[in-house]
Structure formats: C-alpha cells, structure tokens
Amino acid sequence: GLGFNIVGGTDQQYIANDNSIYVSWIKKDGAAYLDGRLQEGDKILAINGKDLKDLRHKDAVELFRNAGCYVSLKIQRRLQPQNGPVGHQGDGESGGLPLAAILVPGLALAATAVWILLRYRQRI
C-alpha cells in the first residue's frame, strides 16, 4: 500500500457529524513516511479525482486499494495536534492560507509516494 491507514466515513465517523476520511497512522519506512509530507490527522478530500465525501469507510478503503499505480491525493492539513479527534476548518482554508497552498504540496506528496512505492517494488 501507500504506507498509511485511514479512519472515518459515514458509518464510522472519526469526528462527530463529520463523514470525512482522515489519516490515522503512517507506517514507519512506508512510502508516505519516507516522503515526509503527509501527516497523521490530515483530511483526505479525494483520491485520483474521486471525492471521498459521504462514503462508507469500507468504500473509501476499496478506493485506496484499487487506486492503481499512479495515485493523486487531495488533502486538507490538520490545524494542530490535539488529544482525540483532529481539528479542522470546513471553509476551504487552513491557517489563513488559500486551500491551494495546502493541496498542491499534498498532490506532490501523492505523486512522490507512488514513485517511491514503484521504485521500491521494482527492487524486490
């Protein structure tokens, strides 16, 4: 896989009244960890252009499992670490920055993670 786990969905809300999908854990030495940009608590808005809004958890997991060789993630950075569920803003901006300032690095992360994953698999 891409080296991280997700939580959330319509049937397993991570945050009350929020059906979003979040990064819950990043595998040490996995593709996402080695890249270093994806963080636990980040909200994943889309994978390969497919909006993750209002999906059941297992359907989101299937999208990740069937993503193919090239994976593009659209993410929203968490605001700050907290005990329990992560905080976020739903207005499309984080910390006063335009959403694009957060999403562009996220997409670059996804491309890099896939590249690392493919290179790693070729060496096995």
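Structural data are supplied above this passage.
Because the structure is a prediction, the values reported are computed rather than measured. (Residues numbered from 1 in each chain as written. Predicted model: local features only at pLDDT ≥ 70, side-chain atom pairs only at ≥ 80, totals over all residues. Heavy atoms only, no water.)

**Q** Now, about the pairing of strand S2 (residues 21–26): what can you tell me, with residues and values included?
**A** As paired elements, strand S1 (residues 4–8) and S2 share five bridges and run antiparallel to each other. Across the sheet, residue Ile6 finds its bridge partner in S2, namely Val23. Across two bridges, the pairing between S2 and strand S3 (residues 43–47) is antiparallel. Paired with Tyr22 across the strands is Lys43, a residue of S3. (Pairing = 2+ DSSP bridges. Helix = DSSP H or I, 4+ residues; strand = E, 2+ residues; numbered from the N terminus.)

**Q** How would you explain the nonpolar core if you had to name every residue and give the values?
**A** In terms of nonpolar packing, the biggest core is built from 26 residues, with Phe4, Ile6, Leu38, Ile44, Phe64 and Leu73 touching the most fellow members. When contributions to this core are tallied by element, the ones reaching two or more residues are S1, S2, helix H1 (31–35), S3, helix H2 (57–65), strand S5 (73–76) and helix H3 (99–123). Looking at which element gives the most residues to this core, the answer is H3, with six residues. Those residues in contact with Leu38 that lie beyond four places of it in its chain are Phe4, Val23, Ile26, Ala32, Ile75, Arg77 and Leu109. (Core = buried A, V, L, I, M, F, W, Y, C linked by side-chain atoms within 4.5 Å. Buried < 20%, exposed > 50% of the residue type's maximum accessible area, 1.4 Å probe, protein only. Contact = heavy atoms within 4.5 Å.)

**Q** How would you explain the packing of aromatic side chains if you had to name every residue and give the values?
**A** Going through the model one piece at a time under the given rule, you end up with two aromatic pairs. Taken together, a centroid distance of 5.8 Å and an interplanar angle of 85° make the contact between Phe4 and Phe64 edge-to-face. Of this pair, Phe4 sits in strand S1 while Phe64 sits in helix H2, and the two are 60 residues apart along the sequence. Of the two residues, Phe4 and Phe64, neither departs from the other in class, the shared state being buried. Taken together, a centroid distance of 5.6 Å and an interplanar angle of 50° make the contact between Tyr14 and Tyr22 tilted. (Phe/Tyr/Trp six-rings, centres within 6.5 Å; stacked < 30°, edge-to-face > 60°.)

**Q** Quick one: what's the story with H2, residue by residue and with numbers?
**A** For H2, the full list of buried residues reads His57, Ala60, Val61 and Phe64. Down the axis of H2, the buried set is contained in an arc of 100°. They therefore lie on one face. Structurally, H2 contributes buried residues whose contacts are with S1, S2, S3 and S5. (Arc of directions from axis to C-beta.)

**Q** Describe the side chain of Lys43, listing the residues and the values that go with them.
**A** Here Lys43 shows up in strand S3. Of the side chains with opposite charge, Asp18 comes closest to the buried, unpaired Lys43, at an N-O distance of 4.5 Å. Within the local environment of Lys43, its side chain forms a polar contact with the side chain of Ser20, the two groups lying 3.3 Å apart. (Lys, Arg positive; Asp, Glu negative; His and termini not counted. Salt bridge = Lys/Arg side-chain N within 4 Å of Asp/Glu carboxyl O. Polar contact = N/O pair within 3.5 Å; in protein donor to acceptor, adjacent residues only side chain to side chain.)

**Q** Can you break down the environment of Leu2 residue by residue, with the values?
**A** By the element assignment, Leu2 lies in the segment before S1. Along the primary structure Leu2 and Arg65 are separated by 63 residues, whereas in three dimensions their C-alpha atoms are 9.2 Å apart. Setting aside residues up to four positions removed in sequence, Leu2 forms contacts with Ala31, Ala32, Phe64, Val71, Val114 and Leu117.

**Q** Tell me about unusual backbone geometry, residues and numbers included.
**A** With phi around 60°, Asn17 is a residue other than glycine that occupies positive phi space. Take Asn17: it is sitting in the loop between S1 and S2. In the Ramachandran plot, Asp29 falls in the positive-phi region, its phi being about 70° despite a non-glycine side chain. Summarising the element assignment, Asp29 is placed in the loop between S2 and H1. In this structure Asp29 comes out as exposed when scored by relative accessible area, which is 60%.

Nothing here speaks to function; it is all geometry.
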